[in-house]
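Chain and residue survey
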Amino acid sequence: MLRFVVVLKILYFTLPTVCYKPVIFMHGILAGKTDMKDLWGYLCKEHPGTQIYNIDLYTYLESLKPLWEQTRDIAAKMKGIMDNHKEGVHLVCFSQGGLVCRAVLEMLPTHNVDSFISLSAPQGGQFGVTSYFKPLLPHVTKEYMYKILYTWEGQDLSIGNYWNDPHHQQEFRDPSLQIYLAVLNNQTHNARSQDFKNNFLRTKNVVLIGGPDDGVIMPWQSSHFATFDQEENVLEMDKQEYYTKDYFGLQTLNKTGRLWTYGISGVHHHQWHSNYTVFQCCIERWLT
């Protein structure tokens with residue numbers, strides 16, 4: 001019996017154990033860290049021992065502040081976490097938070113992100129007035145939204161920072177406005193454009209998740225870097241100028257097998273971070 005116990009102790013201390021990289025969660029617009037609680041629970045269950053950081057900055061109404069300001073503070077917070085984990089980290093970022101996380105990756109030259117999971121984020125921008133926008137601008141249709149958002153005042157609202165009107169691309173790319181999404185896409189003059197591309201390409205895997213029943217991101221394929229064209233048909237990622245000319249590294253990521261897309265039906269925007277099936281099929285495998 002004693003020999004059996006000794007053998008068990010030896011096995012316990014010598015067999016390899018699974019060590020998961022730390023995971024950073026980033027909430028979406030008009031939300032906070034508690035919105036990620038289900039995802040936290042799934043991860044703790046399936047990957048016990050994972051160190052999880054849940055960013056608690058720019059929550060609820062503060063999430064409407066300009067994204068340049070948000071990115072500055074969130075990048076500083078994430079950099080501190082990354083510096084303490086030289087082995088690398090993963091990012092799981094929801095909705096508007098996914099766009100902020102992408103900006104962090106483009107702006108941090110020493111980031112060590114293994115997997116960046118963009119969960120129903122408007123990576124191609126937004127062109128549609130949904131339940132999030134109507135309380136803020138209740139009487140404005142999408143056709144006239146640019147008149148408000150493509151101004152200095154409109155750029156003080158986070159939504160304006162990624163409003164992508166296919167009929168007003170000249171205004172969207174106006175270098176004097178430095179619209180957040182246009183700058184991240186390297187579609188407007190930016191002295192750091194090559195740095196943005198190099199930094200983004202440090203990411204080992206970029207995982208894009210969205211679906212046709214989202215109901216908020218418009219077009220829903222924006223979660224896969226698509227946009228509307230001038231006829232308001234969906235222009236898929238691989239037809240975008242920023243892809244074909246590889247403005248910030250998307251094509252390179254794809255050609256090197258580091259860009260992954262998932263289109264999942266039956267999931268509303270508010271459900272992506274609480275849907276266990278989505279976690280199992282599209283998220284869990286990237287968080288090792």
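What you see is a predicted model, and the numbers here were worked out from it, not measured in a lab. (Residues numbered from 1 in each chain as written. Predicted model: local features only at pLDDT ≥ 70, side-chain atom pairs only at ≥ 80, totals over all residues. Heavy atoms only, no water.)

Nonpolar side chains collect at one region of the surface, where L30, Y60 and L61 lie side by side and expose about 300 Å² of accessible area between them. Locating Y60 in the fold gives a position in the loop between β2 (52–54) and α3 (67–83). (Patch = residues over 30% accessible without salt bridge, like charges linked within 9 Å, V, L, I, M, F, W, Y side chains within 5 Å. Areas by Shrake-Rupley, 256 points an atom, 1.4 Å probe, with all protein chains shown as cover. Salt bridge = Lys/Arg side-chain N within 4 Å of Asp/Glu carboxyl O. Helix = DSSP H or I, 4+ residues; strand = E, 2+ residues; numbered from the N terminus.)

Attention now goes to helix α4 (residues 96–107). Taking 1.5 Å of rise per residue, the 12 residues of α4 would be expected to cover 16 Å, and the 17 Å separating its terminal C-alpha atoms lies within 8% of that figure. Where burial is concerned, most of α4 is hidden: 12 out of the 12 residues are buried. For α4, the complete set of buried residues consists of Q96, G97, G98, L99, V100, C101, R102, A103, V104, L105, E106 and M107. Those residues of α4 that are buried lie in contact with β1 (23–26), α3, β3 (89–94), β4 (113–119), α7 (180–184) and α8 (193–200). (Expected span 1.5 Å × (residues − 1). Buried < 20%, exposed > 50% of the residue type's maximum accessible area, 1.4 Å probe, protein only. Contact = heavy atoms within 4.5 Å.)

For the rest of this paragraph, the subject is the side chain of Q240. Residue position: Q240 is located in the loop between β7 (234–235) and α9 (241–244). We classify Q240 as buried; its relative accessible area is 6%. Apart from residues no more than four positions distant in its own chain, Q240 is found in contact with F225, A226, T227 and L235.

Across the interface, α4 lies against α8 with an axial gap of 6 Å and an inter-helix angle of 105°. As summarised for this structure, α4 and α8 are arranged roughly perpendicular, according to the angle between their axes. Note on element contacts: α8 touches α4 through D195, F196, N199 and F200, opposite R102, L105, E106 and M107. Its residues assigned to classes, the contact of α4 with α8 comprises four nonpolar, one polar and three charged. (Axes fitted to C-alpha atoms, helices over the stretch in contact; angles between N-to-C directions. Parallel < 35°, antiparallel > 145°, perpendicular 65-115°, else oblique. Nonpolar A, V, L, I, M, F, W, Y, C, P; charged D, E, K, R; others polar.)

Right, let's get into the packing of helix α2 (residues 37–46) against helix α11 (residues 276–283). One can describe the packing of α2 onto α11 by two numbers: an axis separation of 10 Å at closest approach and a directional angle of 55°. Considering the angle they form, α2 stands oblique to α11. By crossing handedness, the relation of α2 to α11 is classed as right-handed. Only Y276, F279 and I283 of α11 make contact with α2, whose side of the interface consists of L39, Y42, L43, K45 and E46. Across the contact of α2 with α11, the residue classes tally to six nonpolar, no polar and two charged. (Left-handed = near helix turned anticlockwise from the far one by under 90°.)

Below, the discussion takes up the sheet that holds β3. Consider a sheet: its strands pair through backbone hydrogen bonds, and that pairing is either parallel or antiparallel. Taken together, six strands build an open sheet; the order of strands is β2-β1-β3-β4-β5-β8 and the sheet is parallel. Unpaired on one side and paired on the other, β2 and β8 (259–263) mark the two borders of the sheet. The mean angle between the axes of side-by-side strands here comes to 15°, regardless of whether they run parallel or antiparallel. Here β1 runs beside β2; their pairing, made up of three bridges, is parallel. Note on β2: the bridge partner recorded for I24 is Y53. (Pairing = 2+ DSSP bridges.)

The next point concerns the pairing of strand β5 (residues 205–210). Where burial is concerned, most of β5 is hidden: six out of the six residues are buried. Of the two faces of β5, the one carrying N205, V207 and I209 and the one carrying V206, L208 and G210 are both buried. Bridge count for β5 against β8 is five bridges, and the pairing is parallel. In the strand pairing of β8, V207 is matched with W260.

On to the nonpolar core, then. The nonpolar side chains of a soluble globular protein tend to be buried, and buried together. In terms of nonpolar packing, the biggest core is built from 60 residues, with M78, L91, F116, Y150, W163 and L250 touching the most fellow members. With seven residues, α4 is the single largest residue contributor to this core. Beyond its immediate chain neighbours, meaning those up to four positions away, W163 contacts Q126, F127, G128, V129, F133, K142, M145, Y146, L149, Y150 and F172. By size, the runner-up hydrophobic cluster in this structure holds 22 residues, among which are M36, F94, L119 and W272. (Core = buried A, V, L, I, M, F, W, Y, C linked by side-chain atoms within 4.5 Å.)

A few words on the environment of S274. With respect to the helices and strands, the residue S274 is situated in the loop between β8 and α11. S274 sits in the partly exposed class, given a relative accessible area of 26%. Once the C-alpha coordinates of S274 and D38 are considered, the two residues, 236 residues apart in sequence, prove to be 5.1 Å apart. Residue contacts for S274: discarding those within four places in its chain leaves D38 and Y42.

Turning next to the confidence of the model for the protein. Averaged over all residues, the pLDDT of the protein is 94; the fraction at 70 or higher stands at 94%. At the low end of the mean pLDDT range in the protein sits helix α1 (residues 2–14), at 46; at the high end sits β5, at 99. Note that residues 4–16 has pLDDT below 50 and, in this model, zero contacts with residues that lie over four places away or in other chains. (pLDDT = per-residue confidence, 0-100.)

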